[in-house]
Amino acid sequence: MKKTVTRLADGRELLYYDRRDDIVRDAVDRRRLEAVTTTSEIRHDPLLGDSVAVASHRQGRTYHPPAGECPLCPSRDGWLSEIPDSDYDVVVLENRFPSLAGHSGRCEVVCFTPDHDASFAGLTEERTALVLDVWTDRTAELAGLPQVRQVFCFENRGAEIGVTLSHPHGQIYGYPFVTPRTDAVRRSVAEHRAATGRNLFDDTLERELADSVRVILEGAHWVAFVPYAAHWPYEVHLYPRRRVPDLRELDDAARTEFPQVYLELLRRFDRIFGTDTLPTPYIAAWHQAPFGDGQRGDFALHLELFTVRRTSGKLKFLAGSESGMSVFTNDVLPETAAQRLREVAST
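This text gives an overview of the structure that appears in the document.

Side note on unusual backbone geometry
Backbone geometry places aspartate 77, a non-glycine residue, at a positive phi of 50°. Structurally, the position occupied by aspartate 77 is in the loop between strand E4 (51-54) and strand E5 (90-94). For aspartate 77, a relative accessible area of 83% corresponds to the exposed category. A positive phi angle, close to 70°, is found at serine 212, a residue other than glycine. Examined against the element boundaries, serine 212 turns out to sit in the loop between helix H3 (200-211) and strand E9 (215-218). A residue is classified by how much of its surface remains accessible, and serine 212, at 43% relative accessible area, is partly exposed.

Description of helix H2 (residues 180-196)
Between its first and last C-alpha, H2 extends 24 Å over 17 residues, near the 24 Å set by a 1.5 Å rise per residue. Among all positions of H2, only Thr182, Arg186, Val189 and His192 are buried. Mapping the buried residues of H2 onto a view down its axis gives an arc of 125°, with all of them on the same face. Those residues of H2 that are exposed and angled more than 90 degrees off the buried face are Glu191, Ala194 and Ala195. On its buried side, H2 packs onto strand E7 (150-157) and H3. Looking one or two residues beyond H2, the residue adopting positive phi is glycine 197, at roughly 80°.

Points about empty space enclosed by the protein
Summed over the entire model, instances satisfying the criterion amount to three cavities of 30 Å³ or more. By volume, the largest cavity amounts to about 60 Å³. Lining the largest cavity are Phe201, Asp202, Leu205, Tyr239, Pro240, Arg241, Arg242, Arg243, Val244, Ala300 and Leu301. When contributions to the lining of the largest cavity are tallied by element, the ones reaching two or more residues are H3 and strand E11 (234-240). A total of three residues in the lining of the largest cavity trace back to one element, the largest contributor, which is H3.

What to know about the packing of aromatic side chains
Using the criterion set out here, one finds 20 aromatic pairs in the structure. With 6.5 Å between their ring centres and 85° between their planes, phenylalanine 112 and tryptophan 135 make a pair best called edge-to-face. In this pair, phenylalanine 112 is assigned in the loop between strand E6 (106-111) and helix H1 (125-143) and tryptophan 135 in helix H1, connecting sequence segments 23 residues apart. Accessibility expressed as a relative area gives 3% for tryptophan 135, which makes it buried. Ring geometry for tyrosine 234 and phenylalanine 273: centres 5.5 Å apart, planes at 85°, overall edge-to-face.

Let's talk about the layout of surface pockets
The computed volume of the largest pocket comes to approximately 1,700 Å³. Lining of the largest pocket is provided by 49 residues; of these, Arg181, Thr182, Val185, His287 and Glu304 occupy positions nearest its centre. In terms of residue count, H2 provides more of the lining of the largest pocket than any other element does, seven residues in total. Its residues placed into classes, the lining of the largest pocket shows 28 nonpolar, 14 polar and seven charged.

Quick notes on the side chain of glutamine 288
Locating glutamine 288 in the fold gives a position in the loop between strand E12 (282-287) and strand E13 (302-307). Owing to a relative accessible area of 2%, glutamine 288 belongs among the buried residues under this scheme. In this structure the side chain of glutamine 288 is engaged in a polar contact, spanning 3.4 Å, whose partner is the backbone oxygen of valine 151. A polar contact is formed between the side chain of glutamine 288 and the backbone nitrogen of leucine 247, at a distance of 2.9 Å.

So, how was this worked out
- Residues numbered from 1 in each chain as written.
- Predicted model: local features only at pLDDT ≥ 70, side-chain atom pairs only at ≥ 80, totals over all residues.
- Heavy atoms only, no water.
- Helix = DSSP H or I, 4+ residues; strand = E, 2+ residues; numbered from the N terminus.
- Buried < 20%, exposed > 50% of the residue type's maximum accessible area, 1.4 Å probe, protein only.
- Expected span 1.5 Å × (residues − 1).
- Arc of directions from axis to C-beta.
- Contact = heavy atoms within 4.5 Å.
- 1 Å grid on protein atoms, 1.4 Å probe; cavity = no way out; pocket = protein on both sides within 12 Å on 5 of 7 lines; lining within 4 Å.
- Points joined across faces, edges and corners; volume = space filled by probe spheres on them.
- Phe/Tyr/Trp six-rings, centres within 6.5 Å; stacked < 30°, edge-to-face > 60°.
- Nonpolar A, V, L, I, M, F, W, Y, C, P; charged D, E, K, R; others polar.
- Polar contact = N/O pair within 3.5 Å; in protein donor to acceptor, adjacent residues only side chain to side chain.

Right under this line is the structure:
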(Lines give C-alpha, C1' and ligand atoms only; values in the text may rest on other atoms or scores of the structure.)
Protein backbone atom coordinates (compact mmCIF):
# COMPACT_ATOMS: atom_id res chain seq x y z
CA MET A 1 0.00 0.00 0.00
CA LYS A 2 1.27 3.48 -0.93
CA LYS A 3 0.04 6.52 0.98
CA THR A 4 0.27 10.02 -0.48
CA VAL A 5 -0.55 12.96 1.80
CA THR A 6 -1.56 16.32 0.37
CA ARG A 7 -3.76 19.33 1.17
CA LEU A 8 -6.98 20.68 -0.26
CA ALA A 9 -7.41 24.35 -1.16
CA ASP A 10 -8.86 25.18 2.27
CA GLY A 11 -6.04 23.46 4.15
CA ARG A 12 -7.77 20.18 4.98
CA GLU A 13 -5.71 17.01 4.76
CA LEU A 14 -6.27 14.56 1.89
CA LEU A 15 -4.71 11.10 1.70
CA TYR A 16 -4.56 8.79 -1.31
CA TYR A 17 -4.14 5.07 -0.63
CA ASP A 18 -3.05 3.03 -3.64
CA ARG A 19 -2.38 -0.65 -4.19
CA ARG A 20 0.49 0.08 -6.59
CA ASP A 21 3.69 1.75 -5.47
CA ASP A 22 4.34 3.41 -8.83
CA ILE A 23 1.21 5.61 -8.73
CA VAL A 24 1.99 9.35 -8.62
CA ARG A 25 -0.58 11.65 -7.01
CA ASP A 26 0.35 15.25 -7.80
CA ALA A 27 -3.00 16.79 -8.80
CA VAL A 28 -3.67 20.16 -7.15
CA ASP A 29 -7.01 21.34 -5.79
CA ARG A 30 -7.86 24.25 -8.10
CA ARG A 31 -11.02 25.35 -6.31
CA ARG A 32 -11.26 28.69 -4.53
CA LEU A 33 -12.17 27.70 -0.99
CA GLU A 34 -12.12 29.68 2.21
CA ALA A 35 -10.47 28.13 5.24
CA VAL A 36 -12.81 25.83 7.13
CA THR A 37 -14.20 27.28 10.35
CA THR A 38 -16.10 25.12 12.82
CA THR A 39 -18.14 25.70 15.95
CA SER A 40 -17.65 22.20 17.29
CA GLU A 41 -17.61 21.87 21.07
CA ILE A 42 -18.17 19.09 23.59
CA ARG A 43 -20.76 19.63 26.30
CA HIS A 44 -21.15 17.31 29.29
CA ASP A 45 -24.60 16.16 30.42
CA PRO A 46 -24.44 16.03 34.25
CA LEU A 47 -27.58 13.88 34.55
CA LEU A 48 -26.64 11.12 32.10
CA GLY A 49 -22.92 11.54 32.57
CA ASP A 50 -22.26 11.50 28.83
CA SER A 51 -21.04 14.06 26.30
CA VAL A 52 -22.73 15.79 23.37
CA ALA A 53 -20.95 17.21 20.34
CA VAL A 54 -22.53 20.57 19.43
CA ALA A 55 -21.68 21.49 15.82
CA SER A 56 -24.08 24.12 14.48
CA HIS A 57 -21.94 24.70 11.36
CA ARG A 58 -23.16 21.35 10.02
CA GLN A 59 -26.55 22.85 9.16
CA GLY A 60 -25.03 24.01 5.87
CA ARG A 61 -23.49 20.68 4.82
CA THR A 62 -23.98 19.23 1.33
CA TYR A 63 -27.37 17.53 1.01
CA HIS A 64 -28.27 15.01 -1.73
CA PRO A 65 -26.44 16.66 -4.66
CA PRO A 66 -27.12 15.37 -8.19
CA ALA A 67 -24.70 12.67 -9.40
CA GLY A 68 -22.88 15.12 -11.67
CA GLU A 69 -22.04 17.32 -8.68
CA CYS A 70 -20.99 14.64 -6.21
CA PRO A 71 -18.14 15.95 -4.03
CA LEU A 72 -16.69 12.45 -3.56
CA CYS A 73 -16.34 11.56 -7.23
CA PRO A 74 -12.95 12.26 -8.88
CA SER A 75 -12.45 15.64 -10.57
CA ARG A 76 -13.38 14.99 -14.20
CA ASP A 77 -14.96 16.66 -17.23
CA GLY A 78 -14.73 20.14 -15.76
CA TRP A 79 -16.20 19.17 -12.37
CA LEU A 80 -13.86 20.00 -9.47
CA SER A 81 -14.64 17.83 -6.47
CA GLU A 82 -13.11 17.10 -3.07
CA ILE A 83 -10.70 14.72 -4.82
CA PRO A 84 -8.41 16.65 -7.22
CA ASP A 85 -7.21 13.57 -9.13
CA SER A 86 -9.19 12.05 -12.03
CA ASP A 87 -9.12 8.57 -10.44
CA TYR A 88 -8.26 6.89 -7.15
CA ASP A 89 -8.25 3.60 -5.26
CA VAL A 90 -9.22 4.70 -1.73
CA VAL A 91 -9.17 8.29 -0.43
CA VAL A 92 -9.40 9.74 3.07
CA LEU A 93 -10.06 13.43 3.67
CA GLU A 94 -10.86 15.63 6.61
CA ASN A 95 -14.60 16.22 6.77
CA ARG A 96 -15.57 19.68 5.55
CA PHE A 97 -18.45 19.73 8.03
CA PRO A 98 -17.07 17.81 11.03
CA SER A 99 -18.96 16.94 14.19
CA LEU A 100 -15.61 16.90 15.98
CA ALA A 101 -12.66 19.16 15.20
CA GLY A 102 -9.51 20.57 16.79
CA HIS A 103 -9.34 19.89 20.52
CA SER A 104 -12.77 18.23 20.24
CA GLY A 105 -11.43 15.41 18.08
CA ARG A 106 -11.36 14.70 14.35
CA CYS A 107 -13.74 13.50 11.62
CA GLU A 108 -12.64 11.94 8.35
CA VAL A 109 -14.42 10.68 5.23
CA VAL A 110 -13.29 7.44 3.53
CA CYS A 111 -14.13 7.06 -0.18
CA PHE A 112 -14.12 3.34 -1.00
CA THR A 113 -14.22 3.64 -4.79
CA PRO A 114 -14.38 6.31 -7.52
CA ASP A 115 -17.48 4.59 -8.95
CA HIS A 116 -20.46 6.69 -7.85
CA ASP A 117 -22.98 3.91 -8.49
CA ALA A 118 -21.07 1.11 -6.76
CA SER A 119 -21.54 -0.30 -3.26
CA PHE A 120 -19.17 -1.84 -0.74
CA ALA A 121 -20.69 -5.26 -1.44
CA GLY A 122 -19.64 -4.86 -5.07
CA LEU A 123 -15.97 -4.20 -4.32
CA THR A 124 -13.31 -6.76 -5.15
CA GLU A 125 -11.56 -8.65 -2.38
CA GLU A 126 -8.39 -6.75 -3.28
CA ARG A 127 -10.11 -3.37 -2.83
CA THR A 128 -11.73 -4.55 0.42
CA ALA A 129 -8.31 -5.59 1.75
CA LEU A 130 -7.05 -2.09 0.92
CA VAL A 131 -9.96 -0.52 2.82
CA LEU A 132 -9.09 -2.68 5.84
CA ASP A 133 -5.50 -1.44 5.60
CA VAL A 134 -6.78 2.13 5.43
CA TRP A 135 -8.99 1.69 8.52
CA THR A 136 -5.96 0.25 10.31
CA ASP A 137 -3.65 3.05 9.24
CA ARG A 138 -6.12 5.74 10.27
CA THR A 139 -6.68 4.03 13.64
CA ALA A 140 -2.93 4.10 14.23
CA GLU A 141 -2.65 7.73 13.08
CA LEU A 142 -5.54 9.04 15.17
CA ALA A 143 -4.40 7.05 18.19
CA GLY A 144 -1.32 9.26 18.18
CA LEU A 145 -3.31 12.49 18.56
CA PRO A 146 -3.33 13.71 22.19
CA GLN A 147 -7.01 14.70 22.06
CA VAL A 148 -8.27 11.31 20.80
CA ARG A 149 -9.42 8.59 23.24
CA GLN A 150 -11.28 6.31 20.86
CA VAL A 151 -11.40 5.68 17.09
CA PHE A 152 -14.65 4.69 15.38
CA CYS A 153 -14.65 3.49 11.75
CA PHE A 154 -18.12 3.09 10.25
CA GLU A 155 -20.27 3.15 7.14
CA ASN A 156 -23.84 4.40 6.85
CA ARG A 157 -25.66 3.34 3.69
CA GLY A 158 -29.07 4.43 2.49
CA ALA A 159 -31.29 7.47 2.73
CA GLU A 160 -33.29 5.62 5.41
CA ILE A 161 -30.22 5.86 7.65
CA GLY A 162 -29.91 9.59 6.97
CA VAL A 163 -27.09 9.46 4.43
CA THR A 164 -26.83 12.75 2.51
CA LEU A 165 -24.23 11.60 -0.06
CA SER A 166 -24.98 8.45 -2.06
CA HIS A 167 -21.37 7.87 -3.20
CA PRO A 168 -19.94 4.74 -1.48
CA HIS A 169 -18.14 6.10 1.55
CA GLY A 170 -17.66 5.72 5.26
CA GLN A 171 -16.43 7.88 8.10
CA ILE A 172 -13.90 7.77 10.91
CA TYR A 173 -14.39 9.64 14.18
CA GLY A 174 -11.65 10.32 16.66
CA TYR A 175 -13.51 10.97 19.91
CA PRO A 176 -11.95 12.99 22.75
CA PHE A 177 -13.79 10.77 25.24
CA VAL A 178 -14.87 7.16 25.66
CA THR A 179 -18.30 6.79 24.05
CA PRO A 180 -21.28 5.88 26.26
CA ARG A 181 -21.83 2.61 24.37
CA THR A 182 -18.22 1.52 24.88
CA ASP A 183 -18.22 2.64 28.50
CA ALA A 184 -21.29 0.50 29.22
CA VAL A 185 -19.67 -2.52 27.54
CA ARG A 186 -16.48 -2.06 29.55
CA ARG A 187 -18.46 -2.02 32.78
CA SER A 188 -20.12 -5.31 31.84
CA VAL A 189 -16.74 -6.80 30.91
CA ALA A 190 -15.23 -5.71 34.23
CA GLU A 191 -18.17 -7.11 36.22
CA HIS A 192 -17.95 -10.43 34.37
CA ARG A 193 -14.21 -10.64 35.02
CA ALA A 194 -14.76 -9.94 38.73
CA ALA A 195 -17.52 -12.53 39.00
CA THR A 196 -16.04 -15.35 36.90
CA GLY A 197 -12.39 -14.58 36.28
CA ARG A 198 -13.12 -14.93 32.56
CA ASN A 199 -13.46 -12.60 29.59
CA LEU A 200 -17.02 -11.69 28.61
CA PHE A 201 -16.27 -11.46 24.88
CA ASP A 202 -14.63 -14.89 24.88
CA ASP A 203 -17.57 -16.41 26.75
CA THR A 204 -20.09 -14.75 24.41
CA LEU A 205 -18.38 -16.13 21.32
CA GLU A 206 -18.00 -19.57 22.92
CA ARG A 207 -21.70 -19.63 23.83
CA GLU A 208 -22.81 -18.66 20.32
CA LEU A 209 -20.58 -21.29 18.73
CA ALA A 210 -21.82 -23.96 21.13
CA ASP A 211 -25.47 -23.04 20.60
CA SER A 212 -24.90 -22.54 16.83
CA VAL A 213 -28.52 -21.59 16.09
CA ARG A 214 -27.62 -17.91 15.64
CA VAL A 215 -24.27 -18.45 13.87
CA ILE A 216 -24.58 -17.51 10.21
CA LEU A 217 -21.02 -17.70 8.93
CA GLU A 218 -17.80 -19.32 10.15
CA GLY A 219 -14.33 -18.89 8.73
CA ALA A 220 -10.97 -20.08 9.98
CA HIS A 221 -10.39 -16.68 11.62
CA TRP A 222 -13.81 -14.93 11.79
CA VAL A 223 -17.26 -15.82 13.14
CA ALA A 224 -20.50 -13.97 12.33
CA PHE A 225 -23.64 -14.40 14.43
CA VAL A 226 -26.89 -12.74 15.36
CA PRO A 227 -26.60 -11.82 19.05
CA TYR A 228 -28.93 -13.46 21.57
CA ALA A 229 -30.45 -10.09 22.54
CA ALA A 230 -30.25 -8.35 19.16
CA HIS A 231 -31.61 -4.80 19.26
CA TRP A 232 -32.28 -4.50 15.52
CA PRO A 233 -34.41 -6.72 13.22
CA TYR A 234 -31.37 -7.97 11.31
CA GLU A 235 -28.19 -7.46 13.35
CA VAL A 236 -24.93 -9.35 12.93
CA HIS A 237 -21.76 -9.25 15.02
CA LEU A 238 -18.50 -10.26 13.36
CA TYR A 239 -15.71 -11.38 15.72
CA PRO A 240 -12.15 -12.46 15.00
CA ARG A 241 -11.58 -15.80 16.69
CA ARG A 242 -8.41 -14.42 18.31
CA ARG A 243 -9.35 -11.59 20.65
CA VAL A 244 -7.55 -8.30 19.89
CA PRO A 245 -8.31 -4.77 21.16
CA ASP A 246 -8.30 -2.97 17.80
CA LEU A 247 -7.62 -3.25 14.06
CA ARG A 248 -3.88 -2.76 14.50
CA GLU A 249 -3.58 -6.11 16.29
CA LEU A 250 -5.16 -8.33 13.63
CA ASP A 251 -2.69 -10.89 12.33
CA ASP A 252 -2.01 -11.55 8.65
CA ALA A 253 -4.26 -14.62 8.52
CA ALA A 254 -7.29 -12.70 9.85
CA ARG A 255 -6.58 -9.80 7.52
CA THR A 256 -6.39 -12.13 4.53
CA GLU A 257 -9.70 -13.83 5.29
CA PHE A 258 -11.62 -10.67 6.18
CA PRO A 259 -12.56 -9.56 2.62
CA GLN A 260 -14.20 -12.90 1.81
CA VAL A 261 -16.22 -12.95 5.03
CA TYR A 262 -17.26 -9.30 5.07
CA LEU A 263 -18.28 -9.14 1.42
CA GLU A 264 -20.39 -12.27 1.88
CA LEU A 265 -22.14 -10.66 4.88
CA LEU A 266 -22.94 -7.48 2.94
CA ARG A 267 -24.23 -9.45 -0.04
CA ARG A 268 -26.50 -11.48 2.23
CA PHE A 269 -27.91 -8.26 3.65
CA ASP A 270 -28.71 -7.13 0.12
CA ARG A 271 -30.38 -10.44 -0.67
CA ILE A 272 -32.72 -10.31 2.33
CA PHE A 273 -34.97 -7.65 0.81
CA GLY A 274 -32.73 -5.32 -1.18
CA THR A 275 -33.23 -4.59 -4.89
CA ASP A 276 -31.28 -2.69 -7.54
CA THR A 277 -33.50 0.35 -6.99
CA LEU A 278 -33.94 -0.09 -3.22
CA PRO A 279 -30.76 -1.55 -1.68
CA THR A 280 -30.81 -2.60 1.96
CA PRO A 281 -29.91 0.33 4.23
CA TYR A 282 -27.41 -0.53 6.93
CA ILE A 283 -24.86 0.68 9.45
CA ALA A 284 -21.53 -1.13 9.73
CA ALA A 285 -19.62 -0.15 12.85
CA TRP A 286 -16.20 -1.19 14.15
CA HIS A 287 -15.98 -1.37 17.95
CA GLN A 288 -12.40 -0.78 19.11
CA ALA A 289 -10.85 -0.43 22.55
CA PRO A 290 -10.25 3.13 23.80
CA PHE A 291 -6.72 4.33 24.49
CA GLY A 292 -5.02 5.40 27.67
CA ASP A 293 -6.19 2.97 30.34
CA GLY A 294 -5.60 -0.56 31.62
CA GLN A 295 -8.79 -2.15 30.25
CA ARG A 296 -7.68 -2.51 26.62
CA GLY A 297 -6.58 -6.11 27.05
CA ASP A 298 -10.08 -7.26 28.01
CA PHE A 299 -11.83 -5.49 25.11
CA ALA A 300 -12.50 -7.36 21.86
CA LEU A 301 -12.47 -5.78 18.44
CA HIS A 302 -15.68 -6.61 16.58
CA LEU A 303 -17.87 -5.31 13.80
CA GLU A 304 -21.59 -4.69 14.20
CA LEU A 305 -23.74 -4.73 11.05
CA PHE A 306 -27.45 -3.96 11.18
CA THR A 307 -30.32 -2.66 9.08
CA VAL A 308 -33.28 -0.51 10.08
CA ARG A 309 -35.48 -2.42 7.62
CA ARG A 310 -37.59 -5.07 9.41
CA THR A 311 -39.30 -6.44 6.31
CA SER A 312 -39.78 -5.45 2.66
CA GLY A 313 -41.07 -1.89 2.53
CA LYS A 314 -41.15 -1.46 6.32
CA LEU A 315 -38.60 0.27 8.52
CA LYS A 316 -37.81 -0.09 12.19
CA PHE A 317 -38.44 3.32 13.77
CA LEU A 318 -37.38 4.09 17.32
CA ALA A 319 -40.55 4.57 19.34
CA GLY A 320 -41.05 6.30 22.68
CA SER A 321 -39.64 3.52 24.87
CA GLU A 322 -36.57 3.18 22.64
CA SER A 323 -35.82 6.86 22.04
CA GLY A 324 -36.90 8.03 25.46
CA MET A 325 -35.70 5.19 27.69
CA SER A 326 -33.23 3.23 25.50
CA VAL A 327 -35.34 0.09 25.97
CA PHE A 328 -35.48 -1.70 22.61
CA THR A 329 -38.25 -3.94 21.29
CA ASN A 330 -37.19 -6.23 18.46
CA ASP A 331 -39.92 -7.31 16.03
CA VAL A 332 -37.85 -10.17 14.60
CA LEU A 333 -36.79 -13.21 16.62
CA PRO A 334 -32.95 -13.33 16.49
CA GLU A 335 -33.02 -17.04 15.65
CA THR A 336 -35.36 -16.30 12.73
CA ALA A 337 -33.07 -13.54 11.48
CA ALA A 338 -30.10 -15.91 11.65
CA GLN A 339 -31.98 -18.59 9.71
CA ARG A 340 -32.93 -16.09 7.02
CA LEU A 341 -29.32 -14.89 6.70
CA ARG A 342 -28.16 -18.49 6.31
CA GLU A 343 -30.76 -19.12 3.61
CA VAL A 344 -29.49 -16.27 1.43
CA ALA A 345 -25.86 -17.47 1.45
CA SER A 346 -23.92 -17.40 -1.80
CA THR A 347 -24.11 -20.65 -3.71
